[in-house]
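Summary of the model geometry
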Amino acid sequence: DTGVSQDPRHKITKRGQNVTFRCDPISEHNRLYWYRQTLGQGPEFLTYFQNEAQLEKSRLLSDRFSAERPKGSFSTLEIQRTEQGDSAMYLCASITQGTGELFFGEGSRLTVL
Amino acid sequence: GEDVEQSLFLSVREGDSSVINCTYTDSSSTYLYWYKQEPGAGLQLLTYIFSNMDMKQDQRLTVLLNKKDKHLSLRIADTQTGDSAIYFCAESAGGSYIPTFGRGTSLIVHP
């Protein structure tokens, strides 16, 4: 399967712990996006990368959140000192710039107790 | 800022056509998308349309774009129970190209 893959699919953690999510995009895609989705809402943009450069961050991305894409391939999203309000589905998507085909992974669901 | 609006629910009978509507505000939109999401899953790209088109058909799916009114619709012909899901409309503009999503329309197909 050469789609977008995310790991882990589910994560349950206690408030105050750190968590990290990984996204492996489709191999030839140079743009990678992170979105957050809460119940009953559409995906909300967090940040995106073009190759290894992080080009834009949403105001939703507080100081506790950090994202990297060190070699322009996979990306990680880390949340430090998790809060209950961080509970959500974290979605990764990738695309080749200039085309329309934006593909999403299955998401990583975070539950903060 | 950009805004994408959808009605929240649509209920149809199996075999009928479904039409899901979406309006957006960004007049510089380049691509407009329809995604399907089933419970607990990610978003599945159904189809997308480039802004210089007004219609796109793909098997049971027909997308209509009215750029003047900033209105996008998705028609599903011969709707089946397997089509029950949440459908998201999204638009992206040139330049930064960050897709903005609506809240989704929950499609319920009943026998």
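Topic: the interface of chain B and chain A
Contact residues are listed per partner, giving 19 residues for chain B and 24 residues for chain A. Overall, the association of chain B and chain A removes approximately 1700 Å² of surface from exposure, summing both partners, and the carbon and sulfur fraction of that is 54%. At the junction of chain B with chain A, the criterion picks out zero salt bridges. Counting every contact that joins chain B to chain A gives seven residue pairs in polar contact (both at pLDDT 80 or more). The set of elements that each furnish at least two residues to the side of chain B that touches chain A consists of strand E4 (29–37) and strand E5 (43–50) of chain B. Sorting elements by how many residues they give to the side of chain B that touches chain A places E4(B) first, with four residues. Classifying every residue of the side of chain B that touches chain A gives twelve nonpolar, six polar and one charged.

A few points about the environment of Thr20(A)
All names here are of chain A. As for its position among the elements, Thr20 is in strand E3 (residues 19–24). In this structure Thr20 comes out as partly exposed when scored by relative accessible area, which is 46%. Separated by 34 residues in the primary sequence, Thr20 and Gln54 have C-alpha atoms spaced 17 Å apart. Residues in contact with Thr20, not counting those within four places in the same chain, are Pro8, Thr76, Leu77 and Glu78.

So, the packing of aromatic side chains
For any pair of aromatic rings, geometry is given as the distance between the ring centres together with the angle between the planes. Tallying each qualifying case throughout the model produces 18 aromatic pairs over all chains. Each ring, one from Phe65(A) and one from Tyr90(A), has its centre 6.5 Å from the other, and the planes form 40°; the classification is tilted. With Phe65(A) in strand E7 (residues 65–68) and Tyr90(A) in strand E9 (residues 88–95), this pair connects stretches of sequence that are 25 residues apart. Each member of the pair Phe65(A) and Tyr90(A) is classed as buried. Taking 5.0 Å as the distance between ring centres and 55° as the angle between the ring planes, the aromatic pair formed by Tyr31(B) and Phe50(B) counts as tilted. In this pair, Tyr31(B) sits in strand E4 while Phe50(B) sits in strand E5, placing the two residues 19 residues apart along the sequence. Among the aromatic residues, ring-to-ring pairing joins Tyr33(A), Tyr35(A), Phe45(A), Tyr48(A), Phe104(A), Tyr31(B), Tyr33(B), Tyr35(B), Tyr48(B), Phe50(B), Tyr97(B) and Phe101(B) into one connected group. One residue, Arg22(A), lies across the ring of Phe74(A), its end atom 3.9 Å from the ring centre. In this structure, Lys56(B) packs its charged tip against the face of Tyr48(B), placed 4.4 Å from the ring centre.

About the criteria used
- All chains use their own residue numbering, which begins from 1 and follows the written sequence.
- Chain letters start at A and ligand numbers start at 1, both assigned in the order the entries are written.
- Given that this is a predicted model, residues contribute local features only at a pLDDT of at least 70 and side-chain atom pairs are listed and counted only at 80 or more, while totals for whole chains, interfaces and linings are drawn from all residues.
- Side-chain calculation: all heavy atoms of the structure are included, whereas hydrogens and water are not.
- Residue contacts are counted whenever heavy atoms from the two residues lie within 4.5 Å of one another.
- Here the quantity called buried area is the accessible surface, traced with a 1.4 Å probe, that two parts lose on coming together, added over both.
- Throughout this description, the term salt bridge denotes a Lys or Arg side-chain nitrogen within 4 Å of a carboxyl oxygen of Asp or Glu.
- Side-chain atoms alone can form a polar contact between residues adjacent in sequence; in general such a contact is a pair of N or O atoms within 3.5 Å, and within protein one must be able to donate a hydrogen while the other accepts it.
- A helix here means a DSSP run of H or I that spans at least four residues, while a strand means a run of E at least two residues long, and both kinds are numbered starting from the N terminus.
- When residues are grouped by polarity, Ala, Val, Leu, Ile, Met, Phe, Trp, Tyr, Cys and Pro land in nonpolar, Asp, Glu, Lys and Arg in charged, and all others, Gly among them, in polar.
- Burial classes: relative accessible area under 20% of the type maximum marks a residue as buried, over 50% as exposed, and values in between as partly exposed (1.4 Å probe, protein chains only).
- Only Phe, Tyr and Trp rings take part, Trp by its six-membered ring, and two of them pair if their centres are within 6.5 Å. Stacked means planes under 30 degrees apart, edge-to-face means over 60, and tilted covers everything else.
- By the criterion adopted, a ring carries a charge over it if an Arg CZ or a Lys NZ lies within 6 Å of its centre and within 35 degrees of its normal.

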